[in-house]
Amino acid sequence: MKNGKKVVIGVIGSDCHAVGNKIIHHVLESNGFEVINIGVLSPQIDFINAAIETKADAIIVSSLYGHGELDCQGMREKCEEAGLKDILLYVGGNIVVGKQEWSEVESRFKAMGFNRVYRPGTPIELTTEDLKSDLGI
């Protein structure tokens, strides 16, 4: 059953982990979301343009190659400049290089304007439940 909410998903930067992206797509769709999947190797502007074109409620950014922190810098500001002031921004995966204290990683991404930040190995079902909660479903 569709819940009327639209979510843009994709893999940011020079990352091409397509399998995880397909799993995220399937689980979100199974939970009633309309999924706009921009695929892999995607720059920030592709997420933003897709969200504008489809009037999306949220953007979920995936990154596994460790450079998510660099790839995501300035994304909230670009969303706001594009008129997406209230869009939910989620990020998850292996988003930093090396082993770092998770609370510090999470704090940095929240300071960049991300609403939710997921550590490596977080089940997509948790993200789905958070998304439902944040969107009032």
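In what follows, the structure referred to is the one given above.
Q: What should I look at first to understand the overall build of the protein in this one?
A: When helices and strands are counted, the protein shows 6 helices and 5 strands. Going residue by residue from the N terminus, the α and β elements of the protein occur as β-α-β-α-β-α-α-β-α-β-α. In terms of overall dimensions, the protein is globule-like: its C-alpha atoms have a radius of gyration of 14 Å, near the 14 Å expected for 137 residues. Each principal axis of the C-alpha atoms in the protein carries an extent, and together these give about 40 × 30 × 25 Å. Counted over contacts in the protein with a minimum sequence separation of 6, partners at least 24 positions apart contribute 75%. For the protein, the distance from the average site of its 14 positive side-chain charges to the average site of its 19 negative ones is 3 Å.

Q: Would you take a moment to explain the pattern of salt bridges for this structure?
A: A pair can form between side chains of opposite charge whenever their charged atoms are brought close. Per the stated rule, a full pass over the model turns up 5 salt bridges. Residue Arg-108 pairs with Glu-69 through a salt bridge whose shortest N-O separation is 2.6 Å. Of this pair, Arg-108 sits in helix α5 (residues 102–111) while Glu-69 is found in helix α3 (residues 68–72), placing the two residues 39 residues apart along the sequence. Between Lys-132 and Glu-129 there is a salt bridge, with its nearest N and O atoms 3.8 Å apart. Separated by 3 residues within a single helix, Lys-132 and Glu-129 lie in helix α6 (residues 124–134), roughly one turn from each other. By relative accessible area, Lys-132 is classed as buried at 17%.

Q: Is there a simple way to think about the pairing of strand β1 (residues 6–11) in this case?
A: Every regular strand shows the same layout, with side chains that alternate between the two sheet faces. Burial runs high along β1: 5 of the 6 residues are buried. For β1 and strand β2 (residues 34–37), the ladder comprises 4 bridges, and the chain directions are parallel. In the strand pairing of β2, Val-7 is matched with Val-35. In this region the chain leaves β1, passes through helix α1 (residues 18–30) and returns to the parallel neighbour β2; the handedness of that crossover is right-handed. Bridge count for β1 against strand β3 (residues 58–63) is 5 bridges, and the pairing is parallel. Across the sheet, residue Val-7 finds its bridge partner in β3, namely Ala-58.

Reading guide: rules and limits
Residues numbered from 1 in each chain as written. Predicted model: local features only at pLDDT ≥ 70, side-chain atom pairs only at ≥ 80, totals over all residues. Heavy atoms only, no water. Helix = DSSP H or I, 4+ residues; strand = E, 2+ residues; numbered from the N terminus. Rg over C-alpha atoms; globule rule 2.2 N^0.38 Å. Contact = heavy atoms within 4.5 Å. Lys, Arg positive; Asp, Glu negative; His and termini not counted. Charge placed at Lys NZ, Arg CZ, Asp CG, Glu CD. Salt bridge = Lys/Arg side-chain N within 4 Å of Asp/Glu carboxyl O. Buried < 20%, exposed > 50% of the residue type's maximum accessible area, 1.4 Å probe, protein only. Pairing = 2+ DSSP bridges. Right-handed = clockwise from strand over helix to strand, strands pointing away.

Note that every value here comes from positions in space, so none of it alone points to a role or purpose.
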